[in-house]
Amino acid sequence: MKRKPKPILLTELSNWATVWTRYHAAPLDLSMCKDVARIEDGDAVGIKPDGQIQFLVLRNCIAPELEKLARPVCRFVSKCGSAAHRKVASGFQPDPEASSVVMGYFERHRHQPYCRACPFNVDYPQLFVRMNPYIRKVDEIYRENLPEIYEIQNEAVSKTKPEWVIPGTGFTTVTVNKNWKTFGHPDEGNLTGAFSAMTCMAQGLAGGELIFPKFQCAVEWGNGDVLLANVHELHGNAPFLGLPGQFERMTCVFYFREKMIDCGTKAEELDRLKHM
């Protein structure tokens, strides 16, 4: 069911083109923000000066039963220190406690020039299946509430071999982050024109709002919420407010990898691997 969020008219930093490097791989905080979409304010949509949507946050739309399915899988897949490979988003300051692990499918890469399932899928297929109802629900919320943007993603799905798309969704890939406060960064390699969907499962802390410094805004989101956003724009987290070792904050980011359209069938990609 489509929701009716409260509009927030965002303002853009007038000199963004010259100052954006100050925020790139840099820590972000709420002092940069004129607008903060708080949980108690309900559903909200951030509208850019050009009239386009920057974010849509919808409250309490993931049932606790679905979170109960997803939470142990996200804990299991998490690996302390794994976020260090994302150098810009880590601010070139690796956090030994921060985790960032991918599930789903990934395109060809210079180090692995063939399309492939992520290691998690290969090693723990039953756990990936267990996550599917949760992923499908997020996809349904995206499809119902941002249909025009979702259609961009759906068109890409129609051009992609089905073995590289998470069943019943418009996503190819999910990133699971745990206890990771990201620095300012854009998400690269995701489908142009599409949004990413995000969920959060947290306990024992506050903070961690998602900040978009270009638009001087932040979004608070928590258990049961879905945040849909243009993460091609530079973004990162506000500081976490909690005692180290006494909180848990896991976020899932759902998206379509743009170059998955170029993948052959699984058999064709395996053949590429054999001939390397």
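Above this text you will find the structure in question.
All figures in this text were calculated on a predicted structure; none of them were measured in a lab.

Enquirer: Go over the side chain of Thr175, please, and point to the residues and values.
Expert: Looking at where Thr175 falls in the secondary structure, it is placed in strand 7 (residues 173-178). Within the structure, the side chain of Thr175 is placed 2.6 Å from the side chain of Tyr255, a separation counted as a polar contact. Setting aside its immediate chain neighbours within four residues, Thr175 contacts Arg86, Ser100, Val101, Val102, Thr251, Cys252, Val253 and Tyr255.

Enquirer: So what's going on with the nonpolar core? Which residues, and what values?
Expert: Generally speaking, a soluble globular protein has its nonpolar side chains buried in company with each other. Membership of the largest hydrophobic core comes to 48 residues, with the highest contact counts inside it found for Met103, Tyr134, Tyr142 and Phe254. When residues in this core are grouped by element, the largest group, eight residues, is from helix 4 (residues 125-145). Contacts of Tyr142, omitting those with residues within four sequence positions, involve Pro147, Ile149, Tyr150, Gln153, Phe171, Ala194, Phe195 and Leu228. Judged by nonpolar contacts, the second largest core, of 19 residues, contains Ala37, Cys200, Ala229 and Tyr255.

Enquirer: Which residues make up the packing of helix 2 (residues 64-77) against helix 4, and what values go with them?
Expert: At a minimum axis distance of 9 Å, the contact between helix 2 and helix 4 shows a crossing angle of 130°. Here helix 2 lies oblique to helix 4, going by the angle between them. For the pair helix 2 and helix 4, the sense of crossing is left-handed. Facing Leu66, Glu67, Leu69, Ala70, Val73, Cys74 and Phe76 of helix 2, the residues of helix 4 in contact are Leu127, Arg130, Met131, Pro133, Tyr134 and Lys137. Of the residues in the contact of helix 2 with helix 4, the class split is ten nonpolar, no polar and three charged.

Enquirer: Please give an account of the pattern of salt bridges that cites residues and values.
Expert: Going through the model one piece at a time under the given rule, you end up with 15 salt bridges. Arg108 is the partner of Glu269 in a salt bridge, and the nearest nitrogen-oxygen pair spans 2.6 Å. Note that Glu269 is positioned in helix 6 (residues 266-274) and Arg108 in the loop between strand 5 (99-106) and strand 6 (116-117), a separation of 161 residues in sequence. The class for Glu269 is buried, based on a relative accessible area of 2%. Arg108 sits in the partly exposed class, given a relative accessible area of 30%. Through salt bridges with shared partners, a single network forms among Glu67, Arg71, Arg75, Lys178 and Glu248.

What counts, and where the lines are drawn
Residues numbered from 1 in each chain as written. Predicted model: local features only at pLDDT ≥ 70, side-chain atom pairs only at ≥ 80, totals over all residues. Heavy atoms only, no water. Helix = DSSP H or I, 4+ residues; strand = E, 2+ residues; numbered from the N terminus. Polar contact = N/O pair within 3.5 Å; in protein donor to acceptor, adjacent residues only side chain to side chain. Contact = heavy atoms within 4.5 Å. Core = buried A, V, L, I, M, F, W, Y, C linked by side-chain atoms within 4.5 Å. Buried < 20%, exposed > 50% of the residue type's maximum accessible area, 1.4 Å probe, protein only. Axes fitted to C-alpha atoms, helices over the stretch in contact; angles between N-to-C directions. Parallel < 35°, antiparallel > 145°, perpendicular 65-115°, else oblique. Left-handed = near helix turned anticlockwise from the far one by under 90°. Nonpolar A, V, L, I, M, F, W, Y, C, P; charged D, E, K, R; others polar. Salt bridge = Lys/Arg side-chain N within 4 Å of Asp/Glu carboxyl O.

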